[in-house]
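Below are the chains, spelled out letter by letter.
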Amino acid sequence: MERYSVIKEKNPREIVLLRGRGCAYGKCTFCDYHLDCSKNEDENYILNSAVLQRVSGLYANLEIINSGSVFELDKNTMLLIKNVCSERGIKTIHFESHYLYRQKIKQLREMFCNFDIKMKLGLETFDYDFREKVMKKGILQTDPEIIGTDFDEANFLFGLTGQSTETMRRDMELGLKYFERICVNIMCDNTTRIKSDSSVIKSFMTEIYQDYKDNDRVDILINNTDFGVGD
């Protein structure tokens, strides 16, 4: 499992994959990412400490991800993040969170008030019925503007049966309207029952990809390890 990498292209930054106690929601039908967790906070801290020591301060920009939400990292890891970022001259920190934690984001921003905090939401799609009936995301809100209120960035997931060129393009357009940045993940088969649909992926690659591949506000991950972390 690779847990540190450097993204050199769009929005250059370092990225670390930390380990928390596990996703509190854990109901997304397509995700087995939540398996990277441990209830032992001491062991998590030891692992996270080793990963964070690799942060150099290159680009003064750090993205922190874990198998769930930032709020599921232990307190010592959170304090270490703050200290390491101060010591290495990090100015911008990107965190991820599920929508259910949105009321805690203000407190997180206050804790890291000396940094420019960017919160990323795993939205996957603005299509409410598909998001909640197929993906089971647990985001019971239909208004795109309200969804984006507490978040700066968003993840989208394309390549599933039931998605179309029209719905994916709409997601791209709304994503860029209501978020500063978006990250598109193409579905890669994993241990869940949800599988990738090659025809949907082909539709994205031929009809949409070329329009956004050079957009500085858009990351597109064809493989889930394209950022250099994970396995």
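What you are looking at is a predicted structure, and each value in this text was computed from that prediction instead of being measured.

**Points about the environment of Leu160**
In step 1: For Leu160, the location among the structural elements is in the loop between strand S6 (153-158) and helix H6 (165-178).
In step 2: On the accessibility criterion, Leu160 (2% relative accessible area) is buried.
In step 3: The sequence separation of Leu160 and Leu121 amounts to 39 residues, and the corresponding C-alpha distance is 19 Å.
In step 4: Beyond its immediate stretch of four places on either side in the chain, Leu160 contacts Phe130, Met135, Met187, Ile194, Asp197 and Val200.

**Describing the side chain of Lys118**
In step 1: Counting through the fold element by element, Lys118 comes out in strand S5 (residues 116-124).
In step 2: Its relative accessible area of 14% is what places Lys118 among the buried residues.
In step 3: Apart from residues no more than four positions distant in its own chain, Lys118 is found in contact with Thr92, Ile93, His94, Phe95, Asp152, Glu153 and Glu180.

**As for the nonpolar core**
In step 1: In terms of nonpolar packing, the biggest core is built from 50 residues, with Val16, Ile81, Ile93, Phe95, Phe112, Leu123 and Phe179 touching the most fellow members.
In step 2: Once you skip the residues sitting within four places of it in the chain, Ile81 turns out to touch Leu18, Leu52, Ile64, Leu73, Phe95 and Phe112.
In step 3: Formed by nine residues, the second largest nonpolar core is a distinct cluster that contains Phe130, Met135, Met187 and Ile194.

**Focus on the pattern of salt bridges**
In step 1: Applying the stated criterion across every chain, the model contains 14 salt bridges.
In step 2: With a closest N to O distance of 3.4 Å, Glu124 and Lys137 form a salt bridge. Of this pair, Glu124 sits in strand S5 while Lys137 sits in the loop between helix H4 (128-134) and helix H5 (144-147), and the two are 13 residues apart along the sequence. We note that Glu124, like Lys137, is buried.
In step 3: We note a salt bridge from Asp214 to Lys213, for which the minimum N-O separation is 3.1 Å.
In step 4: By relative accessible area, which is 28% here, Lys213 ends up partly exposed.
In step 5: One network of salt bridges, with partners in common, ties together Arg13, Glu63, Lys120, Arg181 and Asp219.

About the criteria used
- Residues numbered from 1 in each chain as written.
- Predicted model: local features only at pLDDT ≥ 70, side-chain atom pairs only at ≥ 80, totals over all residues.
- Heavy atoms only, no water.
- Helix = DSSP H or I, 4+ residues; strand = E, 2+ residues; numbered from the N terminus.
- Buried < 20%, exposed > 50% of the residue type's maximum accessible area, 1.4 Å probe, protein only.
- Contact = heavy atoms within 4.5 Å.
- Core = buried A, V, L, I, M, F, W, Y, C linked by side-chain atoms within 4.5 Å.
- Salt bridge = Lys/Arg side-chain N within 4 Å of Asp/Glu carboxyl O.

That is the geometry; function is a separate question.
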